[in-house]
Amino acid sequence: MRRRAILGYGAGGVAALGLTLLAGWWQVDGPGALAREDDGRPLPLTAMEFDLVDHEGRPVSPDMLVGRPSLVFFGFTFCPDVCPTTLADISGWLDELGAAANELNVVFITVDPERDDVEAMAEYVGYFHPAIRGWTGSEEQIARAAEGFRATYERATTDSGDYTMNHTSSVFLFDAAGRSVSTIDYHEPREFAVPKIRRAMEQETEGAT
Amino acid sequence: MKHVARSTLVALLLTPVLATGALAGSEDVVVENAWSRASIGTSRPGAAYMEIRNAGDEAVTLTGLQSDLAMMSEIHRVTTDARGVSTMAPAGAIVIAPEETVAVAPGVMHVMLMHLRRPMQEGESFPLTLTFLDGGEVTVAVPVLGIAARGPEG
Ligand SMILES: [Cu+2]
């Protein structure tokens, strides 16, 4: 008989309850209230409005992504596990796509602008595939960006007294016209990822006709 | 769920009948495929991964971790909810049944290394000590791979 018992569910349970309450607040009274009536899918990039800067300090906005298929995801550079795993996975997918990766926009938007300034983003993305761009900016503009992608994030305190960010870990895929095509969820089998990206890239030609 | 987990542990603890061999407990724990990612400086927390196998015939309980690399080390479990939001939280004590392997792997669990005393540099390794409920300890050398590493092979 195989069995695995895990103690210490108490802290996790309290955290989960806190998250549930927060999610409720977010949807009912918080910034998510605006998104309450929709299907939870990201808006088209053409309908989003926010102004950020990339890791080279250049102003960027969602309209700049239109014209090429895009992969967009949220994270932060102080993230020990989920974000480096996602960035490393994406780097692997881009390697697999080879030269086709040059026809994609790949954007990592921080949810922790307090610590992730332009320099921090530049150093961090420099360790991953060169196609990956890092975007940061004011808290307000990042909140607007997250709202457009229907992504959520919140600050949480760790046992060591620091803070970490809980955030939407899905990768959002858009076609060249800026329409949301699909997402790659963090827990889904990673081998589905490259076919999904290829599909988003194929929509480019279909969208043009 | 919580009650089931607790009562399972209580049952295991209260059943010394199972202890047939002379050698048992944490002496039979084998840690394999340990790896970690390099850090940028010391301000960010680090993460390490490994497989913890109980090769014995008694359940063992992992209660804590220590390393001279970080002021605080603990196992965190990552959960992703229906809306795609990922959250990490301390996993607490982990009971490993006989012949079972617990995978501390990206997307599932990680050893969170908090308040680094020195940067984690690619190519180095650091000792990590796992402490078990029976007082036993297992120390493993954890290689530091690149920041973009995806597994023990790099
Ligand atoms: Cu952690």
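Residues numbered from 1 in each chain as written. Chains lettered and ligands numbered in written order. Predicted model: local features only at pLDDT ≥ 70, side-chain atom pairs only at ≥ 80, totals over all residues. Heavy atoms only, no water.

Looking at the confidence of the model for chain A
Here is step 1: Residues with a pLDDT of 70 or more make up 79% of chain A, whose mean pLDDT is 85.
Here is step 2: Across residues 32–37 of chain A the pLDDT falls below 50, and counting only partners more than four positions away or on other chains, this stretch makes nine contacts in the model. (pLDDT = per-residue confidence, 0-100. Contact = heavy atoms within 4.5 Å.)

What about the coordination of the copper ion?
Residue and element names in this part refer to chain B.
Here is step 1: Ligation of the copper ion by protein atoms is provided by His76 (ND1), Met88 (SD), His110 (NE2) and Met112 (SD), these donors lying 2.1 to 2.3 Å from the ion.
Here is step 2: Viewed at the metal, the four donor atoms of the copper ion are separated by angles of 100 to 117 degrees, and the geometry they form is tetrahedral.
Here is step 3: Along the chain, the residues that donate to the copper ion are spaced as H-x11-M-x21-H-x1-M. One end of the pair, His76, is in strand E4 (residues 70–80); the other, Met112, is in strand E8 (residues 109–116), with 36 residues separating them in the sequence. (Donors = N, O, S within 2.8 Å, 3.2 Å for Na, K, Ca; no water. Tetrahedral: all angles 85-135°; square planar, octahedral: opposite > 155°, others 65-115°. Helix = DSSP H or I, 4+ residues; strand = E, 2+ residues; numbered from the N terminus.)

So, the confidence of the model for chain B
All names here are of chain B.
Here is step 1: In this model, chain B carries an average pLDDT of 87, and 84% of its residues clear a pLDDT of 70 or more.
Here is step 2: In this model, residues 1–23 is a region of pLDDT below 50 whose contacts with residues beyond four sequence positions or in other chains number 17 contacts.
Here is step 3: Taken together, the chains of this predicted complex give a pTM of 0.81 and an interface ipTM of 0.81.

Some points on the nonpolar core
Here is step 1: The biggest cluster of nonpolar side chains holds 91 residues, and the ones touching the most others in it are Ile132 and Phe149 of chain A together with Met50, Leu113, Leu128 and Leu130 of chain B.
Here is step 2: Residues in contact with Leu113 of chain B, not counting those within four places in the same chain, are Pro45, Gly46, Ala47, Ala48, Leu69, Ala70, Met72, Ser73, Met120, Phe126 and Leu128 of chain B.
Here is step 3: Judged by nonpolar contacts, the second largest core, of five residues, contains Trp35, Tyr49, Leu145 and Ala149 of chain B. (Core = buried A, V, L, I, M, F, W, Y, C linked by side-chain atoms within 4.5 Å. Buried < 20%, exposed > 50% of the residue type's maximum accessible area, 1.4 Å probe, protein only.)

A look at unusual backbone geometry
Residue and element names in this part refer to chain B.
Here is step 1: In this structure, Asn33 is a non-glycine residue whose phi angle is positive, near 55 degrees.
Here is step 2: Tracing the chain through its elements places Asn33 in strand E1 (residues 29–37).
Here is step 3: Here Asn33 falls in the partly exposed class, since its relative accessible area comes to 41%.
Here is step 4: Even without a glycine there, the phi angle at His115 is positive, about 55 degrees.
Here is step 5: Summarising the element assignment, His115 is placed in strand E8.
Here is step 6: By relative accessible area, His115 is classed as partly exposed at 33%.

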